[in-house]
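Per-entry structural report
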Amino acid sequence: MLNLFKKLSLRPDNFPKHIAVIMDGNGRWAQKRQLPRSLGHAKGLDSVQKIIQYAHEFKIQCLTLYAFSTENSGRPKKEISDLTILFDKTITEESEKIFANNIKITILGDISFFPDNLQKKIQDLLTKTKKNNGLSLNIALNYGGRSEIVRSVNKALSKKKLPKITEKDIERNLDTKDLPGVDLLIRTGGEKRLSNFLIWQLAYSELYFEKCLWPDFNKNNFINALLFYQSRNRRFGKLNN
Ligand code: IPE
Ligand code: IPE
Ligand code: MG
């Protein structure tokens, strides 16, 4: 492993613990090939499997993937139903592998948007992987950073009748409450924006924008993101010693 890192010029002592990914560009990947957008989403799943593999290989503890935003609910009904079918099929097909690999799943977002049977499957997956202690794999589904903050504030208010809410109160009630801070954000597809993803959690993360479309994402792209991360000097507002 150390030899591999050396060959790639990666320093073993400076890996991100938590990588978050905006998996963008599925639609354009399909359109470029005159295929329906749904095939771009299906192809994007191959990249999901690959990045989980890379996370294992490079011993990343925590991986968060943006699969569907609150704003994506404004897309055509057909695209939403194709995506819903794809999410459902993926859980059915991948569950055994998830259990075998000791992966712990967390969902960020409000899944009440999805049909009852899919919600049930997701709940079942959460229960069955709850005690796993391998890769923490977090899927943002009908997730929006603004909605998450509002939900968090309301949860905090309902728990204690305080005149003031603190940062700690908000943090403790976010969907990411049990996860480490995000060290590195990767966005594919060429856009340089957050699109309402983890807007609270990304306050001091390193941001890496990759031109390639999500279905084309490969190991080189992942390594380049790690090299970028290791080249940054994280000061968190303080001065270097
Ligand atoms: C990201 O790909 C996946 C989802 C939003 C579900 P897009 O569907 O946004 O692909 P582009 O940006 O149109 O290419
Ligand atoms: C962000 O991509 C959402 C996901 C990748 C799930 P979008 O394609 O929805 O973002 P915009 O519309 O380009 O900002
Ligand atoms: Mg997009």
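Higher on the page you've got the structure.
As a starting point, this report considers the structure included with it. Computed from a predicted model, the values in this text were never measured in an experiment.

Okay, the site of ligand 1 next. Close to ligand 1 lie 13 residues; Asp24, Gly27, Arg28, Arg37 and Arg75 are nearest. In this structure, an oxygen atom belonging to ligand 1 sits 2.8 Å away from a side-chain N or O atom of Arg37. Protein chains shield 86% of the accessible area of ligand 1, which is 370 Å² for the free molecule. With respect to the pocket detection grid, ligand 1 is positioned in the largest pocket. Mapped by element, the contributors of at least two residues to the shell around ligand 1 are helix H2 (26-32), helix H3 (37-57) and helix H4 (77-100). Here the element with the most residues in the shell around ligand 1 is H2; it accounts for three residues. Of the residues belonging to the shell around ligand 1, the class tally is three nonpolar, five polar and five charged.

Time to look at the layout of surface pockets. When its volume is computed, the largest pocket comes out at roughly 1,200 Å³. In terms of lining residues, the largest pocket is bounded by 48 residues, among which Met23, Leu45, Val48, Ala67 and Phe87 are the most central. Broken down by class, the residue content of the lining of the largest pocket amounts to 24 nonpolar, 13 polar and 11 charged. A volume near 430 Å³ is recorded for the second largest pocket. Together, 18 residues line the second largest pocket, and Ile105, Thr106, Ile107, Leu126 and Lys177 are the ones closest to its centre.

Now for the nonpolar core. Most often, soluble globular proteins keep nonpolar side chains buried together rather than apart. Core analysis: the biggest nonpolar cluster contains 44 residues, and Phe58, Leu63 and Phe222 have the highest contact counts within it. When near neighbours in sequence (up to four residues on either side) are disregarded, Leu63 contacts Ile19, Val21, Ile51, Ile52, Ala55, Leu135, Ser136, Leu137 and Asn138. If you look at the next biggest cluster of nonpolar residues, it comprises 13 residues, including Ile22, Cys62, Tyr66 and Leu202.

Glancing now at the packing of H4 against helix H5 (residues 116-129). Running from N to C, H4 and H5 point in directions that differ by 20 degrees, and their axes come no closer than 10 Å. It follows from the interaxial angle that H4 and H5 lie roughly parallel. Seen along the crossing, H4 lies across H5 with a hand that is left-handed. Of the residues in H5, those touching H4 at Thr84, Phe87, Asp88, Ile91, Thr92, Ser95, Ile98 and Phe99 are Asn117, Leu118, Lys121, Ile122, Leu125, Lys128 and Thr129. For the contact of H4 with H5, the class distribution of residues is seven nonpolar, five polar and three charged.

Moving on: the pairing of strand E6 (residues 206-209). The two faces of E6 differ: Glu206 and Tyr208 on one face are buried, but Leu207 and Phe209 on the other face are not. As defined by bridge partners, strand E5 (residues 184-187) adjoins E6 across four bridges and the pair is classed as parallel. Paired with Ile186 across the bridge in E6 is Tyr208.

As a further point, take the side chain of Asn142. Assignment of secondary structure puts Asn142 in strand E4 (residues 136-143). Engagement of the side chain of Asn142 in a polar contact is seen with the backbone oxygen of Asp110, the distance being 2.8 Å. Those residues in contact with Asn142, other than ones at most four positions away along the chain, are Phe68, Ser69, Thr70, Gly109, Asp110, Phe113 and Phe114.

This part takes up the site of ligand 2. The environment of ligand 2 is formed by Ile22, Met23, Asp24, Tyr66, Ala67, Phe68, Asn72, Arg75, Arg187, Arg193 and Ser195. In the model, an oxygen atom of ligand 2 is placed 3.2 Å from a nitrogen or oxygen of the Asp24 side chain. For ligand 2, the cavity whose grid points lie within 2 Å of the majority of its atoms is the largest pocket. Here the residues of the shell around ligand 2 sort into five nonpolar, two polar and four charged.

A complete count under the given rule lists 18 salt bridges for this structure. In this structure, Lys89 and Glu93 form a salt bridge, with 3.9 Å as the shortest nitrogen-oxygen distance. With Lys89 and Glu93 both in helix H4 and four residues apart, the pair spans about one turn of that helix. Two residues, Arg193 and Glu191, come together in a salt bridge whose shortest N-O distance is 3.6 Å. Each of the salt bridges in this network shares a partner with another, and the network as a whole consists of Asp183, Glu206, Arg232 and Arg234.

Conventions adopted
Every residue gets a number counted from 1 within its own chain, in the order that chain's sequence is written. Each chain gets a letter, beginning with A, and each ligand a number, beginning with 1, in the order they are written. Where local features are concerned, this predicted model is filtered to residues with pLDDT of at least 70; where side-chain atom pairs are given and counted, the filter is 80 or more; whole-chain, interface and lining totals use all residues. Water and hydrogen atoms were dropped before computing side-chain values, which therefore reflect all heavy atoms in the structure. Distances are taken per atom, and a residue is near a molecule or strand as soon as one of its heavy atoms is within 4 Å of it. The term polar contact refers here to a pair of N or O atoms within 3.5 Å; inside protein, the definition further demands a hydrogen-donor-capable atom paired with an acceptor-capable atom, and it admits residues adjacent in sequence only when both atoms are side-chain atoms. Computed with the Shrake-Rupley method and a 1.4 Å probe, the accessible areas treat only the protein chains shown as cover for residues. Definitions used throughout: a 1 Å grid over protein atoms alone; a cavity as a set of points that fits a 1.4 Å probe which cannot get out; a pocket as an open set with protein on both sides within 12 Å along at least five of seven lines; a lining residue as one with an atom within 4 Å of a point. Pocket or cavity membership: a molecule qualifies when more than half of its atoms sit within 2 Å of the grid points of that site. Helical segments are the DSSP runs of H or I of at least four residues, strand segments are the runs of E of at least two, and each set is numbered from the N terminus. Classification used: nonpolar for Ala, Val, Leu, Ile, Met, Phe, Trp, Tyr, Cys and Pro, charged for Asp, Glu, Lys and Arg, polar for all others including Gly. Grid points are joined across faces, edges and corners, and a volume is the space filled by probe spheres set on the points. Nine residue types can take part in a nonpolar core, namely buried Ala, Val, Leu, Ile, Met, Phe, Trp, Tyr and Cys, and a core is a set of them joined through side-chain atoms within 4.5 Å. Exposure is judged per residue with a 1.4 Å probe applied to protein chains only, and the accessible area is read against the type maximum: over 50% gives exposed, under 20% gives buried, and values in between give partly exposed. Two residues form a contact once any of their heavy atoms are found within 4.5 Å. For helices, the fitted line uses only the C-alpha atoms of the stretch in contact; every axis is such a line through C-alpha atoms, and the angle between N-to-C directions lies from 0 to 180 degrees. Angle categories: roughly parallel below 35 degrees, roughly antiparallel above 145, roughly perpendicular from 65 to 115, and oblique for all the rest. Two helices crossing with the near one rotated counterclockwise from the far one by less than a right angle form a left-handed crossing, whereas a clockwise rotation gives a right-handed crossing. DSSP calls a pair of strands paired once it identifies at least 2 bridges connecting them. For this analysis, a salt bridge means a side-chain nitrogen from Lys or Arg found within 4 Å of a carboxyl oxygen belonging to Asp or Glu.

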